[in-house]
Amino acid sequence: MRRGTAPRIAGLAALLVVPFVPVAAQHSTDAIRVVPYPEHVEARRGAFTLRDPVRIVADTANVRLGEIAEFLARVIGEQTGFAVTVEALRGTDPAIVLTARGAAHEAEDYELTVSPAEIRIDGTSPRGVLWGVQTLRQLLPPAFEDPTVRQAAWIIPAVSIRDRPKFRWRGSLFDVSRHFFPVEFVERYIDLLSRYKMNVLHWHLTDDQGWRIEIAKYPRLTEVGAWRLEPDGSRYGGFYTRDEIRRVVEYARLRNVTVVPEIEMPGHAQAAIAAYPELGCTGDSVPVATSWGVMREIYCAGNERTFEFLEGVLDEVLALFPSEYIHIGGDEVPKDRWRACDSCQALMRREGLADEAALQSWFVRRIERYLSARGRRLIGWDEILEGGIDTTATVQVWRNMAHAASAVRLGNDVIASPTSHAYFDGSPRSLPLGRVYEFDPVPPGVDDAEASRILGGEANIWTEYITTANFDPMVFPRLLAMAEALWTRGAHDSTAFLRRVRDDQVPRLRAMDVTVGPEDRDVVRLTTHVDSVSLAAYVRVERGVEGLVVRFTEDGTVPTQDSEVYDPSIRFERPGMYTVRPFLNGEGLPVSRTVEVDHHAARGKPVRLTNEPSRQYPGTGAFTLTDGLLASLDHHDGLWQGFLGRDLEATIDLGAGRPADSIRVTFLQATPSWILLPRSVAVSLSLDETEWTPAGEVSHEIPATREERLRHAFELVLPSGSRARYIKVVARNPGPLPPWHAGAGRPSWIFADEIVVR
Ligand code: ACM
Ligand code: ZN
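Residues numbered from 1 in each chain as written. Chains lettered and ligands numbered in written order. Predicted model: local features only at pLDDT ≥ 70, side-chain atom pairs only at ≥ 80, totals over all residues. Heavy atoms only, no water.

A separate point is the coordination of the zinc ion (ligand 2). Distances from the zinc ion (ligand 2) to its protein donors, C281 (SG), C300 (SG), C341 (SG) and C344 (SG), fall within 2.3 Å. Viewed at the metal, the 4 donor atoms of the zinc ion (ligand 2) are separated by angles of 107 to 113 degrees, and the geometry they form is tetrahedral. Sequence spacing among the residues donating to the zinc ion (ligand 2) works out to C-x18-C-x40-C-x2-C. Linking C300 in the loop between α7 (270–275) and α8 (304–320) with C341 in the loop between α9 (336–339) and α10 (342–351), this pair joins segments that are 41 residues apart in sequence. No difference in accessibility class separates C300 from C341, as the two residues are buried. (Donors = N, O, S within 2.8 Å, 3.2 Å for Na, K, Ca; no water. Tetrahedral: all angles 85-135°; square planar, octahedral: opposite > 155°, others 65-115°. Helix = DSSP H or I, 4+ residues; strand = E, 2+ residues; numbered from the N terminus. Buried < 20%, exposed > 50% of the residue type's maximum accessible area, 1.4 Å probe, protein only.)

Per the counting criterion, the structure on display carries 46 salt bridges. The residue R64 makes a salt bridge to E67 at a minimum N-O spacing of 2.9 Å. Here R64 pairs with E67, and both are found in helix α2 (residues 63–80), just 3 residues apart, close to one helical turn. A relative accessible area of 17% means that R64 is categorised as buried. Notably, a salt bridge pairs R500 with E484, separated by 2.8 Å at the nearest N-O pair. In this pair, R500 sits in helix α18 (residues 494–511) while E484 sits in helix α17 (residues 478–487), placing the two residues 16 residues apart along the sequence. Under the relative-accessibility criterion, R500 is labelled buried at 8%. Connected through salt bridges with shared partners, the residues R64, E67, E250 and R253 form a single ionic network. (Salt bridge = Lys/Arg side-chain N within 4 Å of Asp/Glu carboxyl O.)

A few words now on α8. Spanning 17 residues, α8 covers 25 Å between terminal C-alpha atoms, matching the ideal 24 Å at 1.5 Å per step. For α8, the set of buried residues is T306, F307, F309, L310, G312, V313, L314, E316, V317, L318 and L320. You can read the cap of α8 off the contacts: a side-chain oxygen lies 2.9 Å from the backbone nitrogen of R305, and it is on N303. (Expected span 1.5 Å × (residues − 1). Polar contact = N/O pair within 3.5 Å; in protein donor to acceptor, adjacent residues only side chain to side chain.)

Right, let's get into unusual backbone geometry. Excluding glycine, most residues fall at negative phi; most peptide bonds, likewise, are trans. For the bond from M265 to P266, the omega torsion is -10 degrees, close enough to zero to count as cis. A cis geometry characterises the amide bond from F476 onward to P477, with omega recorded as 10 degrees. Counting through the fold element by element, P477 comes out in the loop between α16 (471–475) and α17. In the Ramachandran plot, K197 falls in the positive-phi region, its phi being about 60 degrees despite a non-glycine side chain. If you trace the backbone, K197 turns up in the loop between α4 (183–195) and β9 (200–204). A relative accessible area of 0% means that K197 is categorised as buried.

Pairing of strand β2 (residues 54–58) with strand β4 (residues 95–100) involves 3 bridges; the strand directions are parallel. Directly across from V57, in β4, lies its bridge partner V97. As paired elements, β4 and strand β6 (residues 118–123) share 6 bridges and run parallel to each other. Bridge pairing links T99 to D122 in β6. (Pairing = 2+ DSSP bridges.)

Next up on the list: the packing of aromatic side chains. Considering all chains together, one arrives at 34 aromatic pairs under this definition. Consider the rings of F144 and W154, whose centres lie 5.5 Å apart with planes at 90 degrees: the pair is edge-to-face. Of this pair, F144 sits in the loop between α3 (126–139) and β7 (153–163) while W154 is found in strand β7, placing the two residues 10 residues apart along the sequence. Considered together, F144 and W154 belong to a single accessibility category, that of buried residues. Between W203 and Y240, the aromatic rings sit 4.8 Å apart at their centres with planes inclined by 45 degrees, giving tilted as the arrangement. Of this pair, W203 sits in strand β9 while Y240 sits in the loop between β13 (235–237) and α6 (242–254), placing them 37 residues apart in sequence. (Phe/Tyr/Trp six-rings, centres within 6.5 Å; stacked < 30°, edge-to-face > 60°.)

Pairing in this open sheet of 7 strands is mixed, and the strands run β1-β7-β5-β6-β4-β2-β3 from one edge to the other. Of all strands in the sheet, those bounded by a partner on one side alone are β1 (40–51) and β3 (84–87). Each adjacent strand pair in this sheet contributes to an overall mean axis angle of 20 degrees, direction not counted. One ladder, built from 5 bridges, connects strand β5 (residues 110–114) with β7; its direction is antiparallel. When the bridges of β7 are listed, E111 appears paired with R162. Against the sheet, α3 makes contact with β4, β5, β6 and β7, and its axis sits at roughly 40 degrees relative to β5, the strand it touches most. (Axes fitted to C-alpha atoms, helices over the stretch in contact; angles between N-to-C directions. Contact = heavy atoms within 4.5 Å.)

The share of residues in the chain with pLDDT of 70 or more is 96%, and the mean pLDDT across the chain is 93. Taken element by element, the predicted model of the chain shows its lowest mean pLDDT in helix α1 (residues 6–17) (35) and its highest in β9 (99). Contacts from residues 1–26, a stretch scored under 50 in pLDDT, to residues over four places away or in other chains number 31 contacts. (pLDDT = per-residue confidence, 0-100.)

Further remarks concern the environment of T693. As for its position among the elements, T693 is in strand β33 (residues 693–699). Spatially, the C-alpha atom of T693 lies 55 Å from that of E386, the residues being 307 residues apart in sequence. Not counting the four nearest positions on each side in its chain, T693 is found in contact with V683, S684 and L685.

Turning to the packing of α17 against α18, a few remarks are in order. Packing of α17 against α18 brings their axes to within 11 Å, and their N-to-C directions diverge by 125 degrees. Taken together, the axes of α17 and α18 are oblique relative to one another. Along this stretch, α17 crosses α18, giving a crossing that reads as right-handed. The segment α17 lies against α18, with L480, A481 and E484 engaging F497, R500, V501, Q505 and L509. Of the residues contributing to the contact of α17 with α18, the split by class is 5 nonpolar, 1 polar and 2 charged. (Parallel < 35°, antiparallel > 145°, perpendicular 65-115°, else oblique. Left-handed = near helix turned anticlockwise from the far one by under 90°. Nonpolar A, V, L, I, M, F, W, Y, C, P; charged D, E, K, R; others polar.)

Let's shift gears to the pairing of strand β14 (residues 258–265). Burial analysis of β14 places 7 of its 8 residues in the buried class, which makes it a mostly covered element. Pairing of β9 with β14, which is carried by 5 bridges, proceeds in the parallel orientation. In the sheet register, H202 faces β14, and the bridge partner there is V260. Sheet topology places β14 next to strand β15 (residues 325–329); 2 bridges connect them, and they run parallel. Pairing of E262 across the sheet is with H327, part of β15.

With that settled, the discussion passes to α2. Taking 1.5 Å per residue as the helical rise, α2 with its 18 residues ought to reach 26 Å, and the 26 Å between its terminal C-alpha atoms agrees with that figure. Buried within α2 are the following residues: R64, L65, G66, I68, A69, F71, L72, A73, V75, I76, Q79 and T80. G81 occupies a position one or two residues after α2 and carries a positive phi of about 80 degrees.

Okay, here's the thing in structure tokens:
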């Protein structure tokens, strides 16, 4: 049991008073399948019949209330085809009546009463009235959301609802840097957030892989920083113009959603530095990042021009976003550039800063002063606690909830979005619906005053592996669990929640054209396998969502919508380069499996390893280094064999002495994933496994600092006339990760693929 907090005790009290349903009710509260579930629900006798024409009555002198009335009128008009009017005065006909007791209030509570004669939504403020409207939509059957369904009348069960949120910050981070999403797609997500009473879109607009917000003063941010070169040579990117941003902010405001922009600093800044190299410590030009991970390029803290730039950017951001809160990132800042920079070191001496963590803290405080002088409040990721931070900063927790407890004890407000419950970029297999539902933004062991500093939480949609093709099934239905975790007071009954989701919300979302994903499986799982007898390769496809079509090519190109359909009986036998890729709603997913088949002389021959590979990365099994399959750049593709902190030492038995011309072994470098190339690869040959002849040793000159993933073939051409039955390959692990690496001093991985003998 976790410690109770003030709001939860209040919720519990409400629960003790309410749990009986009037005997005269014609339907039970089981028919109310609203998510997030309201605080107080009482079923009543009868129903309201929505039929043509519909009257909405609202005090339109209250501008916001008038907007909400128009919003509801539009919703009903579009979904039913009925004529809908908004009037200021209540007549005698059945009507939907909206009232708000105060205008400018931030209160979110509302009461919704449905009776045969009328529907009333009453809020302390218009904010609450809009939430009442969103609840009302969910009292209609799922078919109401399907624009192709037309009925003469729609039945809404009579009910009395009183409702208010548990937490005031109910958000979702949307990363549009790693992948870009069109403005209409962002609006669609905002609309969905609002339906579930989520009130913050945390818009992650800048990162290493793309700068997505137009800044008039610094045009190169979007001319250069918004575009990256993909491995296939194509240009990828996009950005939002200032007009588009204003449009999104307004669209969100209408739906009670505040758009909180995130401008990352001092790290995750490579796209900006690509546009303006003078912002980095070295001044060297760098590309917009093309791989995922934590990059070394960060803003130079010792250069006054960095702050002139950031303040210029923030001036325009503040003009576009009315949000009181502005997110400045602050996560994952490797400090080696600052350590090696004369200007940064000089600044640290001038300011008496003991180390680079103190320099980061100085940086963040300086930006916070800039924001607070303009009436705004700073949010940063939990790393901003590290060198010290003022209590006026709000901390967004991501690594684990211990940081939430530390922050509230220091007196900081907290938004909780820990990887354990809130990272929706993780597959539902590792973060299932049920676990999201258990999320409690209040960490254990804090007192009531500390708990009151927990503003709420967010569902984080990082998009390294999410595009418009798989966004829906990664986000839904898990978002509903987050919405209820953050809104609903009192006890949370996961069985009842799952019933509401499965019986009502999933069909409702489908009617809205949302592709609903699995509760606890991968959206799609592709695994490469080898038939140990024939050595033919095949890809197993496990589907977590309906409507998935898998296609493949055998010419080295990426499958398109026109490529051939892959079925489970297809085997890759002939030499070639095969790629398998799933499609959803006609769009290719950002996952694929590439398998290269090579019929070389060691294919299928037994291999003996001196050091066992890691259990996480065993490859395809005993034959993995001679299975005739070459791995892709994806270290999870099942074909790589990984060794942590160890050498690879493999002996192949070709079965009989035979001529050999060359030996080639391919390794992976993926520095941000702690995978480096071996220092060298040595080969020796033997005819009898007793007498060994060294055939040579190959090293390489590829710097570990290269951020993009690469495969490197260590190739040794043997002296002419060489013969061997046994071939021994020793690949030397490069030792601990270098000092500038995020994992400095920890063991390196080496990843081996095939030992190709010709
Ligand atoms: C984060 O996931 N680096 C905030
Ligand atoms: Zn510097």
